[in-house]
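Residues per chain, in single letters:
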Amino acid sequence: MSDNRPVSLDELIQKRKDEAEKQNKIGFIKRDARASGNATRVVGKPTARSKRRIGGLSLNPTITKKPALTVSSKPPTTEDKPKFDELNILSKIIPTKSSEERAPSAKVVPETPTESASTTSNNNNTNSSNNKANKAKSQKFVFEWNSKDDTLDTSDPLYNINNKPDNSLQHEIESRKRALLEKVAPDALKKPKKSWDDIHWSKKPLDKMRERDWRIFKEDFSILTKGGNIPNPMRSWEESSIPPLILDTVRKIGYKEPTPIQRAAIPVALGLRDVIGVAETGSGKTASFVIPLLSYILELPPLNEVTKTDGPYGIILAPTRELAQQIETETKKFCEPLGFRCASIVGGHSIEEQVHKIKDGAEIIIATPGRLVDCLERRILVLSQCCYVVMDEADRMIDLGFEEQVTAILSALPVTNEKPDENSDGPLQSETKLLGGKHRYRQTMMYTATWPKAIERMAEKYLRRPGIVTIGNAGQATDRVEQRVEFVINDPAKRVKRLLEILQKQKFRPPIIVFVNVKRNCDFVAKSLNDQGWRTVIMHGGKSQDQREAALAQLRAGTADVLVATDVAGRGIDVPNVSLVVNFQMAKSIEDYTHRIGRTGRAGKSGVAITFLSKDDEEVIGDLKQMISRSAVSRMPDELRRYDIARIRPIAQ
């Protein structure tokens with residue numbers, strides 16, 4: 001049955017809508033038809049969606065074909081501006097090669113309107129990555145090279161690169177710049193004057209040193225000074241105010257550069273100022289007080305048959321016999337060229353021998369406190385003209401119970417040359433005042449590695465306005481000593497076995513020092529080492545003074561490899577080139593431990609200290625952990641790190 005009914009109004013409206021949509025719809029042409037050129041492209045009314053806007057330019061698919069654009073090397077003129085702007089817009093659409101790959105001249109051939117419409121419609125159905133690929137494929141580049149476009153002037157020497165070495169071009173540029181500057185700004189070629197503030201203190205003359213330079217100098221050598229009006233340290237022996245006679249002796253002995261304690265303490269002492277020196281062991285303290293002492297005595301009249309009975313000009317107190325004799329050896333190196341005499345008075349020798357030493361008089365006496373008090377009480381020696389006092393290892397003298405003897409010695413000094421007690425922060429005028437002849441105000445120097453209360457009381461009583469010189473951290477081991485710890489059961493046989501294992505590795509060359517706490521262990525360890533072929537000597541309180549001196553002499557001469565000793569050798573003993581210190585038993589206090597390991601790493605050299613620990617050493621393990629943790633060259637073993645410190649220091653109730 002035929003449908004003869006009339007068209008309804010709704011159908012008519014729908015039909016017209018379909019026709020309108022068809023007119024607005026873009027027709028697609030297949031590639032084959034587009035290539036043959038026979039196909040007719042249907043283009044409806046462009047819509048907002050069918051337009052492609054790039055860089056603010058709307059490209060209509062129906063645009064007519066324009067002639068090819070030629071890229072010229074000349075800058076655009078007013079007439080060429082539209083063309084140039086269009087080229088800039090197209091450069092955003094057409095991917096170009098880098099400047100190295102692009103030829104001097106290139107022609108851009110745009111696609112036909114048919115191709116442009118096809119490309120636009122295809123881009124609406126693909127993602128952004130395919131979009132870039134289609135655009136790249138759709139552009140055609142025609143590269144041409146024209147020799148006229150070459151702007152290189154081969155006659156210009158600046159660009160004549162082939163005939164010159166590689167650096168000639170840069171040289172030519174610099175020479176032309178310099179010639180231009182000479183004409184335009186001749187002052188610009190003058191080198192600016194270098195400021196002294198930009199130069200390191202080591203390269204400055206002394207008169208150019210500023211406060212900032214001295215601060216850096218002190219930081220470099222870990223020098224800390226207190227006391228007010230402290231003179232600057234000395235940078236070298238030549239720049240110091242040491243008398244020439246003593247300076248020549250310093251050169252002959254072979255002192256090349258002063259140590260930090262010598263740099264800081266000597267200028268203070270040469271100004272007739274009392275000094276407190278806090279420095280590590282093996283830091284060159286002996287020369288730091290011997291040189292000012294001799295400088296002081298040089299200005300006094302020489303001893304004669306009458307004045308020699310009034311006693312020495314200066315005394316040096318040391319806690320042990322060995323340290324006193326060691327100081328005597330060093331002091332003689334300075335005294336003999338100057339014609340001075342020094343003598344040591346220590347225990348272990350007969351009193352008759354002591355009298356024989358000082359019967360001809362001596363400008364300097366080195367003594368232990370106990371023997372010096374004995375000589376004073378027997379009237380063998382007097383201190384009527386003593387005007388210079390040095391206390392070395394003052395804290396050790398207090399620890400050994402010599403506080404009473406030291407006080408008696410200082411009380412026996414004449415009061416006529418005592419400095420007045422002035423508390424002013426300004427310069428002490430009486431420090432440089434002479435009383436006439438051999439009488440001068442007394443000068444006192446005190447050296448210590450720690451600062452206990454007893455030393456503080458003594459300094460307040462007998463020193464006047466002292467200059468305090470601290471090198472490094474007081475009471476700490478030097479950073480030149482590597483501290484190692486091993487947990488070994490407190491059994492002498494097992495510890496000897498471990499000690500032999502360490503020595504037989506032959507990593508450490510003699511001399512070597514082994515410290516024990518009691519004399520019987522000293523003998524046992526020495527015998528065990530001797531049985532294994534090690535040349536061993538012993539040093540403890542049960543040995544006579546001659547035996548102790550002989551043991552040290554063998555170790556220094558190289559006829560003995562190992563010294564086994566108690567704490568009697570823990571302080572002040574200077575044996576050159578000790579490579580290893582072994583604490584066979586841990587010291588009873590951290591101070592004794594510090595001085596034990598200070599036998600190595602002396603005079604700027606490095607060393608190793610190995611300590612055997614057990615649960616019996618709980619009282620000092622906490623302090624030992626702190627000391628090792630502060631050492632830059634030591635490593636904390638895991639067993640010591642995990643050790644429970646809470647068991648070491650119980651909380652006080």
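- Taking an unreviewed UniProt entry as the reference, the protein is identified by name as RNA helicase belonging to Geotrichum candidum.
- A UniProt comment under Subcellular location (unreviewed entry) is attached to the protein, and it reads "Nucleus".
- Per UniProt, the comment on the protein under Subunit (unreviewed entry) is "Component of the U5 snRNP complex."

## Observations regarding the overall build of the protein
- Broken down by element type, the protein carries 22 helices and 21 strands.
- For the protein, the proportion of contacts with a sequence separation of at least 24, taken over those separated by at least 6, is 73%.
- Total accessible area on the protein is roughly 37,200 Å²; 51% of this is exposed by carbon and sulfur atoms.

## Some words on the sheet that holds strand β20 (residues 580-583)
- As summarised here, the arrangement of the 6 strands in space is β16-β21-β20-β17-β19-β18, forming an open sheet in which the pairing is parallel. Edge strands, defined here as strands with exactly one partner in the open sheet, are β16 (481-487) and β18 (536-539). Neighbour-to-neighbour, the strand axes of this sheet turn through a mean angle of 20°, independent of strand direction.
- Bridge analysis of β20 against strand β21 (residues 607-613) gives 4 bridges, and the strand direction is parallel. Of the residues in β21, the one forming a bridge with Val581 is Ala609.
- In this fold helix α19 (residues 545-557) packs onto β17 (512-515), β18 and β19 (562-565), with an angle of close to 145° to the strand it touches most, β18.

## Remarks on the packing of aromatic side chains
- Within the structure shown, the criterion is met by 7 aromatic pairs.
- For the ring pair Trp237 and Tyr255, a centre distance of 6.4 Å and an interplane angle of 25° mean the geometry is stacked. Of this pair, Trp237 sits in the loop between β6 (223-226) and α8 (244-253) while Tyr255 sits in the loop between α8 and α9 (260-270); the two residues are 18 residues apart in sequence, bridging distant segments of the chain.
- The exposure class assigned to Trp237 is buried, which follows from its relative accessible area of 3%.
- When the centroid spacing of 5.5 Å and the interplanar angle of 55° are considered together, the rings of Phe289 and Tyr447 count as tilted. Of the two residues, Phe289 sits in helix α10 (residues 285-298) while Tyr447 sits in strand β14 (residues 443-448), which places them 158 residues apart along the sequence.
- For Phe289, a relative accessible area of 0% translates into the label buried.
- Among the residues examined, Tyr447 registers a relative accessible area of 0% and is labelled buried.
- One Lys or Arg, Arg263, reaches over the ring of Phe221 and ends 4.2 Å from the middle of that ring.

## Description of the packing of helix α20 (residues 590-597) against helix α21 (residues 618-629)
- The geometry of α20 relative to α21 is characterised by a closest axis approach of 10 Å and an angle of 45° between their N-to-C directions. Relative to α21, the element α20 is oriented oblique. Relative to α21, the crossing made by α20 is right-handed. On the side of α20, the interface is formed by Ile590, Tyr593 and Thr594, while α21 contributes Val620, Asp623, Leu624 and Met627.

## Describing helix α17 (residues 492-504)
- Taking 1.5 Å per residue as the helical rise, α17 with its 13 residues ought to reach 18 Å, and the 18 Å between its terminal C-alpha atoms agrees with that figure.
- Where α17 is concerned, the buried positions are Arg495, Val496, Leu499, Leu500, Ile502 and Leu503. The buried residues of α17 occupy an angular sector of 160° when the element is viewed end-on, so they sit on one face.
- Buried residues along α17 sit in contact with β16, β17, α18 (519-531), β20 and β21.

## Remarks on the UniProt feature "short sequence motif: Q motif" (unreviewed entry) in the protein
- Per the UniProt entry, the sites bearing "short sequence motif: Q motif" (unreviewed entry) are residues 235-263 in this numbering.
- Strand forms 0% of residues 235-263 and helix 48%; the C-alpha atoms that close the span are 7 Å apart.

## Here we look at the environment of Trp214
- Inspection of the secondary structure puts Trp214 in helix α7 (residues 211-220).
- Note: C-alpha distance between Trp214 and Asn232 (18 residues apart in sequence) is 7.2 Å.
- Beyond its immediate stretch of four places on either side in the chain, Trp214 contacts Leu206, Met209, Asn232, Pro233 and Arg235.

## Focus on the nonpolar core
- Trp237, Phe289, Ile291, Leu294, Ile316, Ile364 and Met445 are the most contacted members of the largest nonpolar core, which totals 52 residues.
- The element contributing the most residues to this core is α10, with 8 residues.
- Once you skip the residues sitting within four places of it in the chain, Met445 turns out to touch Ala269, Val275, Ser288, Phe289, Tyr388, Val389, Val390 and Met391.
- In this structure, Val373, Cys386, Val406 and Leu413 belong to the second largest nonpolar core, which totals 35 residues.

## So, a nonpolar patch on the surface
- A cluster of nonpolar side chains, Leu9, Leu12 and Ile13, forms an exposed patch at the surface whose accessible area comes to about 270 Å².
- Among the secondary structure elements, Leu9 is positioned in helix α1 (residues 9-24).
- Its relative accessible area of 59% is what places Leu9 among the exposed residues.

## Examining the packing of α9 against α10
- Running from N to C, α9 and α10 cross one another at 20°; their axes reach a closest spacing of 9 Å. By the angle between their axes, α9 is roughly parallel relative to α10. Here the hand of the crossing between α9 and α10 comes out right-handed. Within the contact between the two elements, α9 uses Ile261, Gln262, Ala265, Ile266, Ala269 and Leu270 and α10 uses Lys285, Ala287, Ser288, Ile291, Pro292 and Ser295.

## What to know about the pattern of salt bridges
- Per the counting criterion, the structure on display carries 22 salt bridges.
- Across the salt bridge formed by Arg251 and Glu238, the nearest N and O atoms sit 4.0 Å from each other. Separated by 13 residues along the polypeptide, Arg251 in helix α8 and Glu238 in the loop between β6 and α8 bring together distant segments of the chain.
- With relative accessibility at 55%, the residue Glu238 sits in the exposed group.
- As a salt-bridge pair, Asp561 and Arg535 come within 2.7 Å of each other at their nearest N and O atoms. One end of the pair, Asp561, is in the loop between α19 and β19; the other, Arg535, is in the loop between α18 and β18, with 26 residues separating them in the sequence.
- With a relative accessible area of 10%, Asp561 lands in the buried category.
- With relative accessibility at 42%, the residue Arg535 sits in the partly exposed group.

The rules we used
Residues numbered from 1 in each chain as written. Predicted model: local features only at pLDDT ≥ 70, side-chain atom pairs only at ≥ 80, totals over all residues. Heavy atoms only, no water. UniProt positions renumbered as here; feature names shortened; annotations may be inferred. Helix = DSSP H or I, 4+ residues; strand = E, 2+ residues; numbered from the N terminus. Contact = heavy atoms within 4.5 Å. Areas by Shrake-Rupley, 256 points an atom, 1.4 Å probe, with all protein chains shown as cover. Pairing = 2+ DSSP bridges. Axes fitted to C-alpha atoms, helices over the stretch in contact; angles between N-to-C directions. Phe/Tyr/Trp six-rings, centres within 6.5 Å; stacked < 30°, edge-to-face > 60°. Buried < 20%, exposed > 50% of the residue type's maximum accessible area, 1.4 Å probe, protein only. Lys NZ or Arg CZ within 6 Å of the ring centre and 35° of its normal. Parallel < 35°, antiparallel > 145°, perpendicular 65-115°, else oblique. Left-handed = near helix turned anticlockwise from the far one by under 90°. Expected span 1.5 Å × (residues − 1). Arc of directions from axis to C-beta. Core = buried A, V, L, I, M, F, W, Y, C linked by side-chain atoms within 4.5 Å. Patch = residues over 30% accessible without salt bridge, like charges linked within 9 Å, V, L, I, M, F, W, Y side chains within 5 Å. Salt bridge = Lys/Arg side-chain N within 4 Å of Asp/Glu carboxyl O.

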